[in-house]
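Close look at the chain arrangement
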Amino acid sequence: MAAIHDFLDNGIGPEGAPLELVHYFAYGMWQGAYLVNAMARRGDPVFAHPHLRRVPQWWTSDLFPWGNDFNSLADTRDVFNGVPVVYQLMRLAYPDDPRMRWVYLNVMRGYLQSPEALAAVLWASELDQSDQARTAEHLRLDPSQLFLHNGLVYLRSGWKTSDVYFQFQSDPACAGPSHAHADRNSFTLAGRDRLWIMDGGGLFPEDVGHNLVFIDGKAQGWYPHRGKVLAYEDAGWATGILGDAKAAYDWRAEHAHRVENDPAWSLVDGFWSQPYNPVRRAFRSGTLVRGARPYVMISDDIRKDDAAHDYSWEALVPLGTLVVRRDERSVLLRPVDAGSALRSGTAPLTVPFTVPRAGRYRVWVLAGHAYDGPWRWGSTLALDGQAPVTVSVAAEADFGDCAQPHWLPVMHPGGSTELAAGPHTATITPTGVNVYHALLVAPADHDPAGPYGARAPEGSVTVRLGELPAPGDWSRLPADPAYPSCLVTVLNPADARLTAELFERRRASGEYWGKTIKLRARVTTDEPRFRVLLYPHRHGDPVPSVTADAGRATVTWPDGTVDNWRFGPGPGFAATNGAAVRLQRGRDRFTLDITYAGLRRLTREHVEGRHTAEQLCELLNRAEHEDRRGRLEPRNAALRSYRDGVKGFDMPRAARDLLVHQSEELAR
């Protein structure tokens, strides 16, 4: 029982986000759920624990806009969300919580694993008809959800299934030898019914599985050190977060028993560590601008030293995405196919085709997971009545973030099969609910899965499956002329070059999580100051024109709306932080920065007791006065006194750290 209370106190943040997120919270609580239930039945108020009580708020935030599908952060695939027992128990524990009912509905509709019989008998609830008619909009939740303890934020343009979803994390809580990933300041992005920027997730914790800035091929050490949240501002029409990942670049941590007697390792912030990729600074901000055309601005201030290095801004994009070049620094992401398709039922699909000449061919199926179907999906394909063969792109399952329709190879031994000239028949048998676009029979050395698309060579055969007669329980999906798109534009540096390539998610251990696409904006310089705009939209929607440099950007929309951006540091910015931003749209203004005025506001918000808060604010007034006079020593002395006062005050650790970090930045 003490272990359960310790887990609730320390394994879940006070806002409700577990330190190890979706999979290891639910999976780790598999047997714990039975103990929690027994404790409650014996009078322990375990379900009243405020951390546990707020978990449904976080679960709801993590779900993608289309529902049924969780984001895949840390050691999570969105098909490995732990055993259902935790969801079943908490659905009964909080019967009147609409968020828990919404989460339970999504989990049970999409559940992958075989339900554990005991938990199902004890706690499984029928899916209530009123819940099934409910959408996320009915929850009336704030579109900005901050979990400060975990350095985690979810920002949405709204709660409709097609709305923009932006997630950012600079985790100060889960670090060191653990299930933590090298993902401080990484982000993901979805919108217009599609995932655009994904997390490597799964058991793929190294920096290359996350969306970071790399320096000479390296980013952050693993096991990782802590991230920091330096600022968070929500103005309604725009919301942003600013993180500091310097420690995660500087160090990598290891288990004590492996290295504590090695002189190359030392204790740093409580972890046995050695230098990994030391940098002067590694700040990043992410801002979601809401309105009729929501978009995201990523601003990086990262510098290793005074020498020129190869800096690479990198982001993972799911397979099934076609990368269309606009210019050297701008691309449009779109589905690889927006034509008609078939939604599977249970019956097999028969596909006739004819090859022009005998030879070795590789067979591909352009297919993916129907978002509203169960999590487990896939296919087998049998040629001419032979034994069925798995359709897959990886040794592991093709689930999760690679579930959008993409080219999947039929896994014939050796990768290809011998076909005679003339007519043949492929029989596709689905698992779960799939969406099928096309069948491709191509020479064995052809691979259609690249980011820029590859024209099928002579002798190939393509069959549009959406044009075939649909089996009785299948349905036809029409072509989508307003297909989803996402504009990715590198505003700065001007000499960066944005490219895309296939990326193998293979660990040194040999574990393989399949391919994905990696965007790279590369430049050789001493200080790149990356500014990147990401705009999920639909084909035919207006696209902005942009002029920009390291210090400013003007985003102009066809209807005359103008967004004027200013990037720090410089005049008007209190802190020397190049990831800080100021945004003006008409009369509306938004500032994401570290300022004395902002720190006074946060002090009054987080420090209980008006007298104590005002005493601390008076120290900030003194520091600001000395700062304006250019007297740095008395300024820093006042800021040190402020920090000492904050550290001595009893408040949540995350809030205390935020106040301390901001005062440290003002002293830089």
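Quick notes on the rules
Residues numbered from 1 in each chain as written. Predicted model: local features only at pLDDT ≥ 70, side-chain atom pairs only at ≥ 80, totals over all residues. Heavy atoms only, no water. Helix = DSSP H or I, 4+ residues; strand = E, 2+ residues; numbered from the N terminus. Buried < 20%, exposed > 50% of the residue type's maximum accessible area, 1.4 Å probe, protein only. Contact = heavy atoms within 4.5 Å. Areas by Shrake-Rupley, 256 points an atom, 1.4 Å probe, with all protein chains shown as cover. Lys, Arg positive; Asp, Glu negative; His and termini not counted. Charge placed at Lys NZ, Arg CZ, Asp CG, Glu CD. Expected span 1.5 Å × (residues − 1). Salt bridge = Lys/Arg side-chain N within 4 Å of Asp/Glu carboxyl O. pLDDT = per-residue confidence, 0-100. Phe/Tyr/Trp six-rings, centres within 6.5 Å; stacked < 30°, edge-to-face > 60°. Lys NZ or Arg CZ within 6 Å of the ring centre and 35° of its normal.

Tallying secondary structure elements over the protein chain gives 15 helices and 36 strands in all. In terms of overall dimensions, the protein chain has a C-alpha envelope of 85 × 65 × 60 Å along the principal axes. Residues classed as buried in the protein chain amount to 59% of the 668 residues present. Pairs at least 24 residues apart make up 71% of the contacts formed inside the protein chain by residues separated by at least 6 positions. Entry remark: accessible area of the protein chain is about 25,800 Å², with carbon and sulfur atoms responsible for 50%. Averaging the coordinates of the 73 positive side-chain charges in the protein chain and doing the same for the 79 negative ones gives two points 4 Å apart.

On to helix 13 (residues 610-628). Helix length check: helix 13, at 19 residues, gives a terminal C-alpha distance of 27 Å against a target of 27 Å (1.5 Å per residue), a fit within 8%. Three or more residues of helix 13 are buried, namely Ala613, Leu616, Cys617, Leu619, Leu620, Ala623, Glu624 and Glu626. Tucked into the core, helix 13 has its buried residues touching helix 12 (596-606) and helix 14 (632-647). With its phi angle positive at about 75°, glycine 630 sits one or two positions after the end of helix 13.

This part is about the pattern of salt bridges. This model, assessed by the stated rule, comprises 37 salt bridges. Arginine 101 is the partner of aspartate 131 in a salt bridge, and the nearest nitrogen-oxygen pair spans 3.0 Å. Here aspartate 131 is found in helix 9 (residues 129-132), whereas its partner arginine 101 is found in helix 7 (residues 98-110), with 30 residues between them in sequence. Considered together, aspartate 131 and arginine 101 belong to a single accessibility category, that of buried residues. Residues participating in the shared-partner salt-bridge network are Arg280, Arg281, Asp301, Arg303, Asp306, Asp526, Glu527 and Arg529.

Only a minority of non-glycine residues have a phi that is not negative, and only a minority of peptide bonds are not trans. Each neighbour pair has its own omega, and for tryptophan 222 with tyrosine 223 the value is 10°, a cis peptide bond. Within the secondary structure, tyrosine 223 is located in the loop between strand 6 (213-215) and strand 7 (228-234). In this structure, proline 493 follows asparagine 492 across a cis peptide bond, with omega equal to 5°. One can find proline 493 in the loop between strand 28 (484-492) and strand 29 (497-506). Positive phi is not limited to glycine here, since arginine 529 has a value of about 50°. Relative to the elements of secondary structure, arginine 529 occurs in the loop between strand 30 (512-525) and strand 31 (531-538).

Time to look at the confidence of the model for the protein chain. Considering every residue of the protein chain, the mean pLDDT works out to 92; 96% of them sit at 70 or more. Within the model, pLDDT remains below 50 along residues 395-400, and this stretch shows 18 contacts once partners closer than five positions in the same chain are excluded.

Enumeration according to the criterion identifies 19 aromatic pairs in this entry. The interplanar angle of 70° and the centroid separation of 6.3 Å between the aromatic rings of phenylalanine 204 and phenylalanine 503 together place this pair among those described as edge-to-face. Of the two residues, phenylalanine 204 sits in the loop between strand 5 (195-197) and strand 6 while phenylalanine 503 sits in strand 29, which places them 299 residues apart along the sequence. What links up through ring pairs into an aromatic cluster is the set Phe64, Trp66, Phe147, Tyr154 and Tyr165. One Lys or Arg, arginine 156, reaches over the ring of tryptophan 159 and ends 3.9 Å from the middle of that ring.

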